[in-house]
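Topology and contacts: notes
Listed here are the chains, written in short residue letters.
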Amino acid sequence: MEAAALLAWKASLDNQSQSLLSSWVVGSNHCNWIGIGCKKAGRVITHIDLKSYGLRGTLSNLNFSSLPHLLSFDLTNNSVYGTIPSPIGTLWRLTHLSLSANRLSGSIPPEIGQLSNLKTLELHQNQIGGSIPHDIGLLISLIELNLYSNNLIEVGMLRSLIDLELSINKLTGTIPDSVGYLVKLTTLYLDDNHLSGSIPQEIGMLRSLVHLSLAMNSLTSAIPASIGNLANLTTLYLYNNHLSESIPQEVGMLRSLVDLELSTNSLTGAIPASIGNLVNLTTLYLYENHLSGSIPKEVGQLKSLVYLELSTNSLTGAIPDSIGNLANLNTLYLHDNHLSGSIPEEVGMLRSLVDLELSTNSLTGAIPASIGNLVNLTTLYLYENHLSGSIPKEVGMLRSLVDLELSTNSLTGVIPASIGNLANLTTLHLYDNHLSGSIPEEVGMLSSKEIKTLILLTVEPYKRKHGVKDKSSSDFVGYYLWLFKGQVFIREVARLIEKKEPSKDSFKKYCEGVLAPVKSNPVVSSENIVDAGDCSRKTITEEWTKQLAEPL
């Protein structure tokens with residue numbers, strides 16, 4: 001009876017699938033067939049494991065009632081299509097059912113609720129639609145549930161559940177309070193759905209929870225204080241929601257936490273000092289919120305931290321000196337805040353740092369010479385601050401640097417010749433400062449490395465310097481110097497938004513103001529620049545456009 005049922009199903013599959021099951025032949029011992037396991041006594045089939053065999057066909061021709069002793073049925077990662085047949089509910093002894101990573105469609109049959117001994121149900125990575133049947137709530141022995149479907153179930157009855165993964169679906173509605181009954185749960189993934197409403201306080205009853213991801217939904221209101229009860233939690237992902245109010249102090253009780261990601265919400269208030277208790281933390285993402293107040297000095301206690309991103313908030317005050325304790329830090333993003341004070345010398349202790357972004361703040365004082373210790377740094381963004389003093393020659397020690405942007409500050413002095421050591425540099429932005437002197441010859445050496453963008457000058461400072469009154473978009477708004485293969489060119493950055501032509505006189509002032517310091521630079525041969533006395537619009541827009549048509 002069992003063998004006949006399997007042979008009939010084999011005959012319904014496509015030809016290639018039938019060849020893959022070549023051992024399935026009439027008259028042979030079915031317990032020796034590929035993918036088939038039997039109970040020794042009685043030779044009854046207890047296991048069907050055909051994972052990743054490349055089978056193609058449907059389940060409609062498989063007579064489930066002929067397999068009454070089946071304990072495990074695994075067709076993971078094949079090309080099984082069509083619907084899950086209702087008669088699958090006759091497999092009442094089944095403990096493991098995995099049909100994941102196929103092409104199944106339709107809805108989950110309510111008869112699935114008759115599999116009262118089921119411990120693992122995996123139907124993810126299919127095209128199953130409709131609602132998850134309430135009958136799944138009858139599976140009281142279920143330990144692991146991984147589904148792709150549309151509407152959230154009444155999960156509270158599944159009290160043996162250890163692993164619940166419903167991510168990347170189209171689930172709607174709220175997270176039910178009854179989730180708190182799943183006290184054995186270690187993993188709860190509901191991320192990347194359309195869930196709304198608040199995170200229920202009952203989530204704090206899941207004291208066995210190790211991984212919690214509710215990210216990429218439309219959850220609102222506050223993070224419940226009860227989350228502090230989850231003492232075993234190592235991963236907490238709540239990013240990309242609409243959560244509001246402050247980060248609860250109780251987060252500091254999650255001493256096992258390794259990865260905390262609350263970014264891209266509407267959280268307000270200060271970063272709680274209790275966050276310093278999370279000594280195992282390697283990732284802290286709080287960016288893109290409305291957090292205010294200062295960065296707590298307790299952040300310096302997070303000595304395991306690798307990624308710290310607090311950017312795009314409304315943080316104020318100074319960068320704490322204690323940040324120098326974070327010796328394992330790879331990424332530090334504090335950009336787009338309202339931070340003030342100087343960059344602490346202790347930043348130079350972050351020798352593992354690869355990416356340092358402090359741009360778009362109100363930082364003052366000099367760039368610390370200790371920054372030269374950051375030999376692994378590839379990105380240094382300090383633009384749009386109020387930094388003063390000279391560019392330290394120690395910047396030339398950052399030999400891994402690819403992108404250096406110090407523009408829109410109040411830096412003075414000369415461009416240090418040591419910048420010529422930065423052989424990997426592709427972007428150098430120094431514009432909109434008060435730098436003086438000529439472009440050092442060593443900077444010209446960078447051209448052999450195909451530096452893409454060297455922005456040293458903009459028109460706006462020259463408009464101010466030469467007393468040009470018109471500051472509207474009816475004038476050319478910027479130029480950059482392009483160093484490539486030993487040549488320096490001046491190219492338009494932006495054309496006119498309002499399609500108005502600049503006056504001949506004002507344009508000449510811009511052109512001469514930009515060209516004069518370039519022409520005097522010893523690196524630049526005169527044949528590679530437009531003569532300052534020939535600043536007609538025709539020269540720039542027609543002749544040079546032809547010469548410099550190649551994109552950067």
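Position numbers for residues start from 1 in each chain and track the written sequence from start to end. It should be noted that, the model being predicted, local features are given only for residues of pLDDT at least 70 and side-chain atom pairs only at 80 or more, the latter also being counted only at that level, while totals for whole chains, interfaces and linings use all residues. The basis for every side-chain value is the complete set of heavy atoms in the structure, and neither hydrogens nor water enter the calculation.

**Topic: the sheet that holds strand β16 (residues 242–246)**
Working definition: the strands of a sheet are paired by backbone hydrogen bonds and lie parallel or antiparallel to each other. One requirement defines pairing of two strands: DSSP has to find at least two bridges between them. Counting from the N terminus, the helices are DSSP H or I runs at least four residues long and the strands are E runs at least two residues long. Strand order in the open sheet made by the four strands is β12-β14-β16-β18, with parallel pairing throughout. Sheet topology places β12 (196–197) and β18 (266–268) at the edges, where each strand pairs with a single neighbour. Pairing geometry for β16 and β18, over three bridges, is parallel. Considered in β18, the bridge of E245 is made with L267.

**Details of the sheet that holds strand β3 (residues 56–57)**
Sheet architecture is open: three strands sit in the order β3-β5-β7, paired in parallel fashion. The two strands at the open ends of the sheet, each matched to only one other strand, are β3 and β7 (103–104). With two bridges connecting them, β3 and strand β5 (residues 79–82) associate as parallel partners. Paired with R56 across the strands is S79, a residue of β5.

**A look at the pairing of β5**
Relative to β7, β5 runs parallel, the two being bridged by two bridges. What sits directly across from G82, in β7, is L104.

**A closer look at unusual backbone geometry**
Glycine aside, residues mostly have negative phi, and peptide bonds are mostly found in the trans state. One non-glycine residue with positive phi stands out, namely E245, at about 65 degrees. Of note, E245 is situated in strand β16. Positive phi is not limited to glycine here, since T408 has a value of about 55 degrees. Tracing the chain through its elements places T408 in the loop between β24 (403–405) and β25 (427–429). For each residue, the accessible area found with a 1.4 Å probe, counting protein chains only, is set against the maximum for its type, and the residue is called buried under 20%, exposed over 50%, and partly exposed in between. Judged by its relative accessible area of 25%, T408 is partly exposed.

**A word on the pattern of salt bridges**
The salt bridge definition used is simple: a Lys or Arg side-chain nitrogen within 4 Å of an Asp or Glu carboxyl oxygen. Summed over all chains, the structure comprises three salt bridges. Salt-bridge contacts for E298 lead to K297; the nearest nitrogen and oxygen are separated by 3.4 Å. Note on E298: relative accessible area 18%, which makes it buried. For K297, a relative accessible area of 57% translates into the label exposed. A salt bridge links E394 to K393, with the nearest nitrogen and oxygen atoms 3.5 Å apart. Classification of K393 as exposed rests on a relative accessible area of 59%.

**Describing the packing of aromatic side chains**
Put simply, two rings from Phe, Tyr or Trp (the six-membered ring, in Trp's case) pair if the centres are within 6.5 Å, and we call them stacked under 30 degrees between planes, edge-to-face over 60, tilted for the rest. Taken as a whole, this structure holds six aromatic pairs when the rule is applied. Among the aromatic side chains, those forming a connected cluster through ring pairs are W9, W24 and W33. Above the face of the Y181 ring, R159 is positioned so that its terminal group lies 4.5 Å from the ring centre. In this scheme, the term charge over a ring applies when either NZ of a lysine or CZ of an arginine sits within 6 Å of the ring centre and within 35 degrees of the ring normal.

**Some words on helix α1 (residues 2–12)**
The set of residues buried in α1 consists of E2, A5, L6, W9 and K10. For α1, the buried positions fall inside an angular range of 135 degrees around the axis, keeping them on one side. Contact definition: two residues touch when any of their heavy atoms are within 4.5 Å. In this fold, the buried residues of α1 make contact with α2 (15–20), β1 (36–39) and β2 (44–49). The directions considered for the arc are those from the helix axis to the C-beta atoms.

**Digging into the state of the cysteines**
The definition used for a disulfide is geometric: two cysteine sulfur atoms within 2.5 Å. Enumeration according to the criterion identifies one disulfide in this entry. Each disulfide pairs two cysteine sulfurs, and for C31 the partner residue is C38, the sulfurs being separated by 2.2 Å. With the S-S dihedral at roughly -100 degrees, the linkage between C31 and C38 falls on the left-handed side.

**Focus: the confidence of the model for the chain**
A residue-level look at the chain finds 78% of positions with pLDDT of 70 or above and a mean pLDDT of 82. How sure the predictor is of each residue is captured by pLDDT, a score from 0 to 100. Within the model, pLDDT remains below 50 along residues 447–552, and this stretch shows 180 contacts once partners closer than five positions in the same chain are excluded.

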